[in-house]
Amino acid sequence: MKKKDWLIRSKSFLTEVPIESVKSTLSKGLSVSMVKGRYQLFTDKVIYSWEDLYQNFRITVHKLRSAMFKPNNVLVLGVGLGSVIQIAEKKYKHPLTFTAVEIDPAILYLIHKYTAVQFRSPIEYIQADAHAFIIQNRLKYDLIFFDIFIDDVVPPHFESLLFIKKLAACLSPGGVLLYNRIAIEHEHILHNMHFFENTFLKVFPHADFVDVKVNWVLVSDGRLLKK
């Protein structure tokens, strides 16, 4: 590590260190900072990723029973700086392969600049709209991470019953979908409850969710969660 990088990383344990801001046609105020020794990607409203400190998925993945669930091929919808890739690599020691779908070229630019070098797994990056990708997809995945927001809003077409059914069709037998939701404001929680009860459970009758303070992560098969 270069001396300058070491100084930035050390300073980040005391205070946030701004690194770069980029223009995005999809997200307002897209920026990267170093916080607690990790790159953090955020907008004016929410954190998009924070390496292995991205608590919502870190906590949820570690609640999955390793003896019952050992994924091999992983689909990431909404890449950020690749937090879920790092988290999965730390959880599962066997080889994984990733397909990472991201619509925003600004985010793909940032992941390649700052964090992609850290990943040890083979990763296919696809710049595409995740909705169109899923509708056309014919492959099966053991683990799907859904982490798509425009600031703090999941675009409505990703909440339709048709789309959730298509996500289910993309899972291998015994596969798991982890679907991230913002849960900061009261209206977020009410919306999450309605979506979970009236859409998600219709497709995944054994579903559950992990409440991680300001997020809910919906889990397609709650029987795999440690209690």
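As the structure is a prediction and not an experimental result, all values here were calculated from the model.

Caption draft 1: Structural detail: the packing of aromatic side chains. Considering all chains together, one arrives at 15 aromatic pairs under this definition. Relative to Phe163, the ring of Phe146 lies with its centre 6.2 Å away and its plane at 65°, an arrangement referred to as edge-to-face. Separated by 17 residues along the polypeptide, Phe146 in strand E8 (residues 141-146) and Phe163 in helix H6 (residues 161-169) bring together distant segments of the chain. Given a relative accessible area of 0%, Phe146 falls into the buried group. Of the residues examined, Phe163 reaches a relative accessible area of 0% and is grouped as buried. Within the aromatic cluster, the residues linked to one another by ring pairs are Phe146, Phe158, Phe163, Tyr179, Phe195, Phe196, Phe200, Phe204, Phe209 and Trp216. Between Arg181 and the ring centre of Phe195, over which it is positioned, the NZ or CZ distance is 4.4 Å.

Caption draft 2: Up close: helix H7 (residues 186-203). In this model H7 runs 25 Å from its N-terminal to its C-terminal C-alpha over 18 residues, within 8% of the 26 Å that 1.5 Å per residue would give. Of all bends in H7, the biggest is about 40°, found at Phe196. The secondary structure elements touched by the buried residues of H7 are H6, strand E9 (171-182), strand E10 (208-212) and strand E11 (215-219).

Caption draft 3: Region of the structure containing helix H2 (residues 55-63). By the burial criterion, the buried members of H2 are Asn56, Phe57, Thr60 and Val61. Take H2 and look down its axis: the buried residues cluster within an arc of 110°, on one side only. Lining the buried residues of H2 we find helix H3 (83-91), E8, E9, E10 and E11.

Caption draft 4: How the structure looks around the pattern of salt bridges. A complete count under the given rule lists 3 salt bridges for this structure. Here Glu20 ties to Lys113 by a salt bridge, and the two come within 3.0 Å at their closest N and O atoms. Note that Glu20 is positioned in strand E1 (residues 17-22) and Lys113 in helix H4 (residues 105-114), a separation of 93 residues in sequence.

Caption draft 5: Quick look at the sheet that holds strand E2 (residues 30-35). Read from one edge to the other, the open sheet built from 4 strands follows the order E1-E2-E3-E4, with strand pairing classed as antiparallel. The open sheet has two edge strands, E1 and strand E4 (47-49), and neither has a second partner. Direction aside, neighbouring strands of the sheet carry axes that sit 30° apart on average. Summarising the sheet, strand E3 (residues 38-42) and E4 pair through 2 bridges and their orientation is antiparallel. Of the residues in E4, the one forming a bridge with Phe42 is Ile47. Each of E1, E2, E3 and E4 touches H4; the most contacted strand, E1, lies at about 140° to it.

Caption draft 6: Representation of unusual backbone geometry within the structure. The phi dihedral of Lys36 is positive, around 55°, even though this residue is not glycine. Looking at the element boundaries, Lys36 is found in the loop between E2 and E3. On the basis of relative accessible area, Lys36 is assigned to the partly exposed category, the value being 45%. Positive phi, normally seen in glycine, also occurs at Lys213, with a value near 60°.

Caption draft 7: Structural context of the nonpolar core. By size, the foremost hydrophobic cluster in this structure holds 76 residues, and its most contacted members are Leu77, Leu178, Tyr179 and Phe200. Tyr179 has contacts with Phe146, Val154, Phe158, Glu159, Ile164, Leu167, Phe195, Phe200, Trp216, Val217 and Leu218, leaving out every residue within four places of it along the chain.

Caption draft 8: Inspection of the pairing of E2 at higher detail. Among the 6 residues that make up E2, 6 are buried, leaving the element largely enclosed by the rest of the structure. The alternating pattern of E2 places Leu30, Val32 and Met34 on one face and Ser31, Ser33 and Val35 on the opposite face, and all of these are buried. Direction of pairing for E1 relative to E2: antiparallel, over a ladder of 5 bridges. Note that in E2 the partner of Val17 across the bridge is Met34. Bridge analysis of E2 against E3 gives 5 bridges, and the strand direction is antiparallel. Paired with Met34 across the two strands is Tyr39, which belongs to E3.

Cut-offs used in this document
Residues numbered from 1 in each chain as written. Predicted model: local features only at pLDDT ≥ 70, side-chain atom pairs only at ≥ 80, totals over all residues. Heavy atoms only, no water. Phe/Tyr/Trp six-rings, centres within 6.5 Å; stacked < 30°, edge-to-face > 60°. Helix = DSSP H or I, 4+ residues; strand = E, 2+ residues; numbered from the N terminus. Buried < 20%, exposed > 50% of the residue type's maximum accessible area, 1.4 Å probe, protein only. Lys NZ or Arg CZ within 6 Å of the ring centre and 35° of its normal. Expected span 1.5 Å × (residues − 1). Bend = angle between axes of the 7 residues up to and from the residue. Contact = heavy atoms within 4.5 Å. Arc of directions from axis to C-beta. Salt bridge = Lys/Arg side-chain N within 4 Å of Asp/Glu carboxyl O. Pairing = 2+ DSSP bridges. Axes fitted to C-alpha atoms, helices over the stretch in contact; angles between N-to-C directions. Core = buried A, V, L, I, M, F, W, Y, C linked by side-chain atoms within 4.5 Å.

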